[in-house]
Structures are given as structure tokens and as C-alpha cells.
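So you can see what is in the structure, the chains are spelled out below.
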Amino acid sequence: MRKIELDFVGRSALGNPLGLLLMLVGLAAAAVSAMDAIDVTEAHADLQDRKLAALEGPRARRTTETTKTTARPEDVRALREAAAIAARLRTPWQRLFDDTAQAAGAGIALTGLQPDPTAHTVRIAGLARDLPAVNRFVGHLLEKPGFAGAYVVQHDTQPKDAEAPLAFVVLANWREDAR
């Protein structure tokens, strides 16, 4: 087998056709790699802009000439899910738990708490000794600065449970920024 000699300094590059061919292939590969890197960078920037616009909501409705592309349905769905998760993460959970627990008092056992940050409501489930205890709980909720318009939306008797024979669900309007 004969060894390949690639000496671009000692000889003329035009004198060795194999060396010239390898140099052209290398230049073409470098050009293709550079174009791919530019495309990936632009696609990444567009995706970041779309994610940021979805998370910022109406404030980010301003578009530039470079971001006037039509989003794919799966991207829109993923961005909506990300925005919903971000809204849940911004929920001041400790204040919501504290205010709800303080309003419950004696005679009420809370079993569920489901805030909906987009609708500004919270669904509270619990068990009570009787309906007057539930009504007192709703009254105490309305005394808290973050709650407004609390209503009993469901109640069922549970005769097997002597301590808390009434299951209930309260729906209340809740302002996260109230204090």
C-alpha cells in the first residue's frame, strides 16, 4: 500500500489533485456546518421569543418582523401548559393555606384545596359536623382580605361518620395580591 503525502507547503497545491480535492471537500464541509449552526441559532432564538411571549401574556403581543411566523398547534399547546404551570408556581400557597385553615376553626376538617389562578377562584372541600358550621366557615372566609364571594356549591350527608356527617365544597373568589 502506498502512503498518501499531503504536503501543501513543499509542493504546489495545484500539482497534487488529491490534495486539492481534500481541501475543497473540507471547505464545503465547513461551510455546511457554519450554515447549520446559523439556522439552529435562529431557530433557538425564535423559540425563546415565542415562549417568553406566551409567559408574559398580553404585554408581549407586540411582534417584530422576525417573529411573525405561524406557530404549530403542538407548540401553542405546550406554551399554554407552561403558562398554566407558571401561574400555579406563582400562587402564594402558604398564605392561602394559612387563611383557609384559620377560617376553618373547630368543627371543620379541610380535605381539599384547588386554586385556579386564571379564574381567580379556589375550590375548598371539607367535612363538617353540621350545615351551620359550614356557614360559619364561609363567613370567616369572607372576613379574610383575599377572599370574596364564597358560596357553598355542594354538600352531602354521610350518616356513617358521626364526627363529621356533612361533606361540603365551597367555591370562593380569591385575589392573590390582596393584603
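Refer to the structure printed above.
Owing to the predicted nature of the structure, the values given are computational and were not obtained by experimental measurement. (Residues numbered from 1 in each chain as written. Predicted model: local features only at pLDDT ≥ 70, side-chain atom pairs only at ≥ 80, totals over all residues. Heavy atoms only, no water.)

A. Here's a closer look at the overall build of the chain. Secondary structure assignment for the chain yields four helices and four strands. Within the span of the chain, comprising 179 residues, buried residues form 22% of the whole. Within the chain, counting contacts between residues at least 6 apart in sequence, those at least 24 apart form 56% of the total. When the accessible surface of the chain is summed, it comes to about 12,800 Å², and 59% of that surface belongs to carbon and sulfur atoms. (Helix = DSSP H or I, 4+ residues; strand = E, 2+ residues; numbered from the N terminus. Buried < 20%, exposed > 50% of the residue type's maximum accessible area, 1.4 Å probe, protein only. Contact = heavy atoms within 4.5 Å. Areas by Shrake-Rupley, 256 points an atom, 1.4 Å probe, with all protein chains shown as cover.)

B. Spotlight on the pairing of strand β2 (residues 121-128). The sheet contact formed by strand β1 (residues 108-116) and β2 spans eight bridges and is antiparallel. For Ala 109, the partnering residue across the bridge sits in β2 and is Leu 127. A loop of four residues connects β1 with β2, the two strands running antiparallel in sequence, and His 120 in this loop sits at a positive phi of about 60°. Sheet topology places β2 next to strand β4 (residues 166-174); eight bridges connect them, and they run antiparallel. The residue bridging Leu 127 from the neighbouring strand is Ala 167, located in β4. (Pairing = 2+ DSSP bridges.)

C. Region of the structure containing the sheet that holds β1. The four strands are arranged β1-β2-β4-β3 in an open sheet whose pairing can be described as antiparallel. Where the open sheet ends on each side, the last strands, each with one partner, are β1 and β3 (147-157). Direction aside, the axes of adjacent strands within the sheet are offset by 20° on average. Each of β1, β2, β3 and β4 is contacted by helix α3 (residues 93-104), which is oriented at about 145° to β1, the strand it contacts most. Along the sheet, helix α4 (residues 131-143) contacts β1, β2, β3 and β4; its crossing angle with β3, the most-contacted strand, is approximately 165°. (Axes fitted to C-alpha atoms, helices over the stretch in contact; angles between N-to-C directions.)

D. Molecular detail of the nonpolar core. The biggest cluster of nonpolar side chains holds 19 residues, and the ones touching the most others in it are Ile 108, Phe 137, Leu 141, Phe 147 and Val 170. When residues of this core are traced back to their parent elements, those giving at least two are α3, β2, α4, β3 and β4. Those residues within four positions of Phe 137 in sequence are excluded, and the remaining contacts are Thr 100, Ala 103, Ala 104, Ile 108, Leu 110, Ile 124, Phe 168 and Val 170. (Core = buried A, V, L, I, M, F, W, Y, C linked by side-chain atoms within 4.5 Å.)

E. Here's a closer look at the packing of aromatic side chains. Going through the model one piece at a time under the given rule, you end up with one aromatic pair. On the numbers, 5.9 Å between centres and 55° between planes, the contact of Phe 137 with Phe 168 is tilted. Linking Phe 137 in helix α4 with Phe 168 in strand β4, this pair joins segments that are 31 residues apart in sequence. Residue Phe 137 is classed as buried on the basis of its relative accessible area, which comes to 1%. (Phe/Tyr/Trp six-rings, centres within 6.5 Å; stacked < 30°, edge-to-face > 60°.)

F. Region of the structure containing the packing of α3 against α4. Running from N to C, α3 and α4 point in directions that differ by 140°, and their axes come no closer than 8 Å. Between α3 and α4, the angle falls in the class oblique. Every pair of crossing elements has a handedness; the one defined by α3 and α4 is right-handed. In this structure, α3 uses Thr 100, Ala 103 and Ala 104 to contact α4, whose residues at the interface are Phe 137, His 140 and Leu 141. Its residues assigned to classes, the contact of α3 with α4 comprises four nonpolar, two polar and no charged. (Parallel < 35°, antiparallel > 145°, perpendicular 65-115°, else oblique. Left-handed = near helix turned anticlockwise from the far one by under 90°. Nonpolar A, V, L, I, M, F, W, Y, C, P; charged D, E, K, R; others polar.)

G. Quick look at a nonpolar patch on the surface. Taken together, the side chains of Ile 4, Leu 6, Leu 18, Leu 21, Leu 22 and Val 25 define a hydrophobic patch exposed on the protein surface, amounting to about 560 Å² of accessible area. By the element assignment, Leu 18 lies in helix α1 (residues 17-56). For Leu 18, a relative accessible area of 38% puts it in the partly exposed group. (Patch = residues over 30% accessible without salt bridge, like charges linked within 9 Å, V, L, I, M, F, W, Y side chains within 5 Å. Salt bridge = Lys/Arg side-chain N within 4 Å of Asp/Glu carboxyl O.)

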